[in-house]
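Residue-level structural notes
Spelled out, the chains give:
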Amino acid sequence: MSGRYPIHTGLQHGIIHPGEPWGLPLDETIIPQVLKEYNYSTHAVGKWHLGMHKWSYTPAQRGFDDFFGYYLGSQNYDTHIRGGGYDLRSDYWDENGKFVDNVRYDLKGQYSTELYTQRMVDLISSKKAKTNPFFIYMAYQNVHAPHMVPQRYIDQYSTHIKDKQEQTFAAMVSAMDEGIGNITAALETAGLADNTIIVFSSDNGANVGCVGHVTASNYPYRGGKRSIYEGGIRSPSFVWARGRLAPASSDAMIHVTDWLPTFWGLASLQGELKPNNPITTKPLDGFNQWSVISENKPAERTEILLNIDPYPLPCGHKVPNYGIRWKEWKLILGSGGPPSGWFPAPAAMEEDRTCSKPVEGYVELYNI
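Because the structure is a prediction, the values reported are computed rather than measured.

Going through the model one piece at a time under the given rule, you end up with 16 salt bridges. Of the charged contacts in the structure, one is a salt bridge between R152 and E114, with a shortest N-O distance of 2.1 Å. With R152 in helix α3 (residues 151-154) and E114 in helix α2 (residues 112-126), the pair connects residues that are 38 residues apart, well separated along the chain. For E114, a relative accessible area of 30% puts it in the partly exposed group. A salt bridge links E364 to R222; the nearest nitrogen and oxygen atoms lie 3.4 Å apart.

In C-alpha cells form, the structure reads like this:
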C-alpha cells in the first residue's frame, strides 16, 4: 500500500492482533490517496488488516471512497467473528460528507467469499455509466485459515482427493476461482474489460509451518509463510491488460512495494488526468515496473530487502531474522525460518508427511 518496506513503517514484526493499538502510520501516503489526486474513484473490498484502533486508521478514512469487508484477519468465514467481536462492515461517506460505519449483522451466516464477489460485481456494474477511472483493491479471505467453504465446493473433490482437509483447501481455491471468474465476466458485461488492468498477487508462500496438518506446498522452494526462504517470499502473480500486454513471463525482480509507483506512473500517463494537488510521499522503496511488465525491459530494481526483525516471532523465527537479495545473491543472518525445510508436493507425500529440517546456521549465503 505504501510503496515502502515494512522496516520503514514499523510493520516488520508479526501481525496486528485483536485489540492491539497500532497500524500503518497515518503519515504514510498509500495507493488510493495517490490515485484520488488523479480523479480516480477508489474502493476496497475484503481484508484490511492495517489498523483499526482509531477510525483514522480504517480504509474509508485513508483514501478509499468506501469499504466492504473486515478490519482484522483470520475471522470465521460464516459468522464473521474474530477475537470475540463481529467484523463485517460497509463503510462510506454519505451525501452530507459524514462518515458511516454500517456493521453488517444482516449478513451473518453468509460465506464471505461470495459476499465479496457480489460487492465487486455491483461496483463494476455501477461503473458502466461513469467516465472517471476507478481503482478497486480486492483482498479475498481465501485461502487463509480457518479453512471453511460451502459443501457444494467440497463435493467437486470428494472422489479423487482422499484427505478431508485437502478437499476443503482445494474447494476454497475453487470458490475463489469462481469469484474471480464472476468478476471478470462483470467487466465484460459492463464493457470495461478492454480498458481495465487486473493485477493478481498473493502476500506470501503457502503456510506449511505452525499448522497441525499441511495442505499446501511451496516445493521445490524451501520454507513457507513466516520464513524468508524462497518458499515464504515467492508468490504467484500475474498482470492482465487486454490489448496492452502480450502473453509472456518475466523473471525480473518485482516486489510488493513496486505497485504504488507503478500505479502512480500509469495514472500520470493518461494525458487528460492531472494531479489535483502536489503528491508527497516519504522516500519510496518501490520502482515503477510498468516497462518491465509491458515491454520486457530490464528492471531498475537489483535488490530486495526481505526483512530486518531482531525479535522472536511466535510460530516463526526464534533468533534475529535479517535477509536481503542482491542480484543473484541472497544473504540471511540469524534465522531464515521456521519453517525451514522442504515440504514436497502432496502427491509425493501420501505416506510420509515429515520434511527435512536442515541445521540453521547464523549466516547463509546463496546464489539463487
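This part is about the sheet that holds strand β2 (residues 66-70). The strand order across the open sheet built from five strands is β6-β5-β2-β1-β7, with neighbouring strands paired in mixed fashion. With partners counted over all chains shown, the strands left at the sheet margins are β6 (99-103) and β7 (134-139), one partner each. Neighbour-to-neighbour, the strand axes of the sheet open up by a mean angle of 10°, direction not taken into account.

Backbone hydrogen bonds are what pair the strands of a sheet, in a parallel or an antiparallel way. Spatially, four strands are ordered β10-β11-β12-β13 in an open sheet, and the strand pairing comes out antiparallel. Looking at strand neighbours, the two that pair on one side only are β10 (303-309) and β13 (363-367), the edges of this open sheet. Averaged over all pairs of adjacent strands, the angle between strand axes in this sheet comes to 10°, irrespective of strand direction. Alignment of strand β12 (residues 329-334) against β13, held across five bridges, turns out to be antiparallel.

As a further point, take the packing of aromatic side chains. Evaluated as defined, the whole model comprises 13 aromatic pairs. Measuring from centroid to centroid gives 5.8 Å for F68 and Y116, while their planes differ by 75°, and the two rings are edge-to-face. Taken as a pair, F68 in strand β2 and Y116 in helix α2 lie far apart in primary sequence, 48 residues in all. Ring geometry for W259 against F263: centres 5.7 Å apart, planes inclined by 25°, an arrangement best described as stacked. In this pair, W259 and F263 both sit in helix α6 (residues 259-269), four residues apart, roughly one turn of the helix. Comparing W259 with F263 shows no difference in burial state: the two are buried. Taken together, the aromatic side chains of W48, F64, F135, Y137, W259 and F263 make up a single cluster linked through ring pairs. Cation over ring: R222 sits above Y229, and NZ or CZ is 3.8 Å from the ring centre.

Scoring rules and cut-offs
- Residues numbered from 1 in each chain as written.
- Predicted model: local features only at pLDDT ≥ 70, side-chain atom pairs only at ≥ 80, totals over all residues.
- Heavy atoms only, no water.
- Salt bridge = Lys/Arg side-chain N within 4 Å of Asp/Glu carboxyl O.
- Helix = DSSP H or I, 4+ residues; strand = E, 2+ residues; numbered from the N terminus.
- Buried < 20%, exposed > 50% of the residue type's maximum accessible area, 1.4 Å probe, protein only.
- Pairing = 2+ DSSP bridges.
- Axes fitted to C-alpha atoms, helices over the stretch in contact; angles between N-to-C directions.
- Phe/Tyr/Trp six-rings, centres within 6.5 Å; stacked < 30°, edge-to-face > 60°.
- Lys NZ or Arg CZ within 6 Å of the ring centre and 35° of its normal.

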